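Geometric and topological summary
Letter by letter, the chains look like this.
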Amino acid sequence: MGSNGWNQSAILDIARQLRDEPGALLLILRRIQDELGWIPEQSVPLIADVLNLSRAEVHGVATFYHDFRHHPPGRHVIRLCRAESCQAMGAVALARHLEDRLGIGFGQTTADGRFTLDAVYCLGNCACSPALTIDGDIHGRVTPGRLDDLMAAVEERRS
Amino acid sequence: MKAVVYVPCDSGALSLGADQVARAISREAARRDLDLHLIRNGSRGLYWLEPMIEAVTARGRVAYGPLSADNVPALFDAGFLEGAAHPLCLGLAEEIPLLKKQERLTFARTGIVDPASLDDYLAHGGYEGLARAARLNPEQIAEEVTQSGLRGRGGAGFPCGIKLRTAMQTAADRKYVVCNADEGDSGTFADRMIMEGDPFVLIEGMTIAAMCAGAVYGYIYLRSEYPHSARALNAAIAQARARGYLGSNVVDSGKPFNLQVRVGAGSYICGEETAMLESLEGKRGMVRYKPPVPAVCGLFGRPTVINNVLTLATLPIILARGGAFYKNYGVGRSRGTQPIQLAGNVKRPGLYEKAFGVTLREIVYEYGGGTASGRPVRAVQVGGPLGAYFPQSMLDVPFDYEELAARNGLLGHGGVVVYDDTVNMAEMARYAMEFCARESCGKCTPCRIGSTRGMEVIDRIVARRDQSANLTLLRDLCDTMTNASLCALGGLTPLPVLSALKYFPGDFGLGDDAASLD
Ligand SMILES: Cc1cc2nc3c(=O)[nH]c(=O)nc-3n(C[C@H](O)[C@H](O)[C@H](O)COP(=O)(O)O)c2cc1C
Ligand code: SF4
Ligand code: FES
């Protein structure tokens, strides 16, 4: 186990398992992101080694895609859609509500590690705007009041 | 007789509590000792009525919605299983006026069938297109598609038949079919609805494309924001494989075709076809220079047919009913039907599949019912984040590739986003530049740097600093982006920006004349 709870052998297992797939690098990064919730910097040389690529190449791909986190996320992740249809239905107010309530900006995690707030540009739920996901679950026609309930519910589920 | 109830598993319906409704129905049925079969269908696309459930009765499927779990006991009391009256009863689903008025070809089955059942797909005419394709030679398949007039539904509108023929005629040891399921345009969700509601039609369409081009392997490049689509597709692929619709000898044609889903990682530019190929190869999503076009040299350097979900999902009906049947719909050079996705500030958001030629005004008012807020419609954006904003006075434009282009707009993937009069169009113009800056692949300067400069210039105009000099600067910047960008991200971002400026100069703190100065 690494200091932040990441696991070197888990990363190596993923890399070795997928190394022979066409386009393996993105598959490996995707799997690490899905399983660990982020991509520790230390995984770059490990993957580079398994795929026989330079660290720069691996780093370049890992930093190109918005999904890949380079720090561990909070216990709960809120992803608010900030694209056009949701803007037309009150996403701007929801964004402000979230920033005020959590005391953080987009792309940040609260100091107590409870919530990470992310922007996303369209969830394909534009017919039910404004939309967001909490811990991967999708919600539509969200109001600030309903958002408070949803946040309370995920926190309760944990305890 | 066992009662049958449909509850959508479409993620839009889920976002409004469809799972809770499904659980409440099962619970209530158990409490009443009723033998009930619950089927999870896709959505009919009438999102203002979601979650909308349907009870199978002797008269047909009777719809109820929009529901919440709290309504469920009362529905049982009213006798909804027999289609009884209730304040939330919508009558026969097929007779709902805004559904009945549509021309559903690509969406013929979505919302009707059980997306998890290959047998249900077959019972609703599934795989008839492939059966016919298997009796034709590749040239005949390409000809049928060309005859239909089908153009790419992903944005560029390129004739599908030509692309198929090019790949077919390019000799190679291995060829690919790639389905573009990145659906990055905000305001669009038709791809998602197909993948969640009728996944087999996409698999069948890709198989037909493969048979025509001589491809042996396919990838569905799916955006990561669509986890429910991934599940539905993977389940459908497994069934198709188990039953010989995919594999080493597809429907006894002697031809192999296999398929897998690849999930993206959050990048709008990976929706651009060459960036997508790079991404499938495991690299950064950098746009490639063309030529060569992917149909000649695509994935791993091999000929690759790459098409949008809707394009591919329309091939089965074209093969089953013939190119002439499809071509009969539509106007001018826009043949067939367009799944129009209506969203934003609108009373009845949803999926409306119509023959080309319906006007924007009909879409926004007759279908959409005007704004959700009840305030006046101020602007309508057509074609996603790279599409133009249209003011009230231009809503009579027909929905058609050429007509929209003639007004400096584009049809894109068919998204329509409505704004009421509280919108600030200078903010929307700034947002367009911001989005371009965020998603630029970085290969060319006008897009990478120009978009950031664009935000700053708009800020200065709005702050009334040196307005006329900054206006000139903004126009020059847009000119450079239009003319010197490698792909449409940099090349088309000026469309929303300049249309906002042209039709809504007041929002930029300008007089009407300032903006019309060209
Ligand atoms: C910036 C950019 C983003 C794009 N995003 C998508 C997308 O999300 N889905 C899609 O099908 N096509 C998208 N396209 C269009 C594709 O490049 C390509 O034209 C399409 O996959 C071809 O399929 P079609 O002919 O069936 O439309 C995008 C193009 C650009 C320039
Ligand atoms: S226009 Fe932008 S996104 Fe397109 S190739 Fe150039 S830098 Fe990349
Ligand atoms: S714009 Fe928000 S879900 Fe599509």
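Now for a look at the structure at hand. (Residues numbered from 1 in each chain as written. Chains lettered and ligands numbered in written order. Predicted model: local features only at pLDDT ≥ 70, side-chain atom pairs only at ≥ 80, totals over all residues. Heavy atoms only, no water.)

1. Looking at the interface of chain A and chain B
- The interface is formed by 35 residues belonging to chain A together with 58 residues belonging to chain B.
- Summed over both partners, the interface of chain A with chain B buries about 3400 Å², with 57% contributed by carbon and sulfur atoms.
- Of all residues in chain A, A:Phe64, A:Glu84 and A:Tyr121 give up the largest surface area on contact with chain B, accounting jointly for 20% of the area buried on that side.
- Here B:Arg262 ties to A:Glu21 by a salt bridge, and the two come within 3.9 Å at their closest N and O atoms.
- Where chain A meets chain B, there are 18 residue pairs in polar contact (both at pLDDT 80 or more).
- Broken down by secondary-structure element, the contributors of at least two residues to the side of chain A that touches chain B are α2 (24-36), α4 (55-64), α5 (84-87) and β5 (137-139) of chain A.
- Top contributing element to the side of chain A that touches chain B by residue count: α2(A), with 4 residues.
- Considering only residue class, the side of chain A that touches chain B consists of 19 nonpolar, 9 polar and 7 charged. (Contact = heavy atoms within 4.5 Å. Buried area = accessible area lost by both parts, 1.4 Å probe. Salt bridge = Lys/Arg side-chain N within 4 Å of Asp/Glu carboxyl O. Polar contact = N/O pair within 3.5 Å; in protein donor to acceptor, adjacent residues only side chain to side chain. Helix = DSSP H or I, 4+ residues; strand = E, 2+ residues; numbered from the N terminus. Nonpolar A, V, L, I, M, F, W, Y, C, P; charged D, E, K, R; others polar.)

2. Looking at the site of ligand 2
- Residues in contact with ligand 2 amount to 13 residues; listed here are only the nearest, B:Cys441, B:Lys443, B:Cys444, B:Cys447 and B:Cys487.
- Grouping the constituent residues of the shell around ligand 2 by class yields 8 nonpolar, 4 polar and 1 charged. (Near = heavy atom within 4 Å.)

3. Description of the sheet that holds strand β4 (residues 132-134) of chain A
All names here are of chain A.
- Read across the sheet, 5 strands follow the order β2-β3-β1-β4-β5 without closing on themselves; strand pairing throughout is mixed. Looking at the sheet topology across the chains shown, the edges are occupied by β2 (108-109) and β5.
- Direction of pairing for strand β1 (residues 76-81) relative to β4: antiparallel, over a ladder of 3 bridges. Across the sheet, the residue bridging to leucine 80 is leucine 132, located in β4. (Pairing = 2+ DSSP bridges.)

4. Digging into the packing of aromatic side chains
- With the rule as written, the count across this model stands at 19 aromatic pairs over all chains.
- Each ring, one from A:Tyr121 and one from B:Phe435, has its centre 5.8 Å from the other, and the planes form 55 degrees; the classification is tilted. Here the residue A:Tyr121 occupies a position in the loop between β3 (115-120) and β4, and B:Phe435 occupies one in helix α17 (residues 425-439), the pair thus bridging two chains. For the residue pair A:Tyr121 and B:Phe435, the accessibility class agrees, reading buried in each case.
- What links up through ring pairs into an aromatic cluster is the set A:Tyr121, B:Tyr268, B:Tyr431 and B:Phe435.
- The cationic tip of B:Arg223 hangs over the ring face of B:Tyr226; the distance from NZ or CZ to the ring centre is 5.0 Å. (Phe/Tyr/Trp six-rings, centres within 6.5 Å; stacked < 30°, edge-to-face > 60°. Buried < 20%, exposed > 50% of the residue type's maximum accessible area, 1.4 Å probe, protein only. Lys NZ or Arg CZ within 6 Å of the ring centre and 35° of its normal.)

5. What about helix α6 (residues 128-135) of chain B?
Residues and elements named next belong to chain B.
- Every buried residue belonging to α6 is among Gly129, Leu130 and Ala133, and all of these are buried. Seen from one end, α6 has its buried residues packed into an arc of 95 degrees, which puts them on one side.
- The secondary structure elements touched by the buried residues of α6 are α7 (138-148), α10 (199-213) and α13 (309-321). (Arc of directions from axis to C-beta.)

6. What about the pairing of β3(A)?
All names here are of chain A.
- When you tally the buried positions in β3, you get 6 out of 6 residues, the bulk of the element.
- Sheet topology places β1 next to β3; 6 bridges connect them, and they run parallel. Bridging from a neighbouring strand, histidine 76 pairs with phenylalanine 115 of β3.
- Bridge count for β2 against β3 is 2 bridges, and the pairing is antiparallel. Within β3, the residue paired with threonine 109 across the bridge is threonine 116.
- Counted along the chain from β2 to the antiparallel partner β3, the turn is 5 residues long, and its residue glycine 113 has a positive phi close to 70 degrees.

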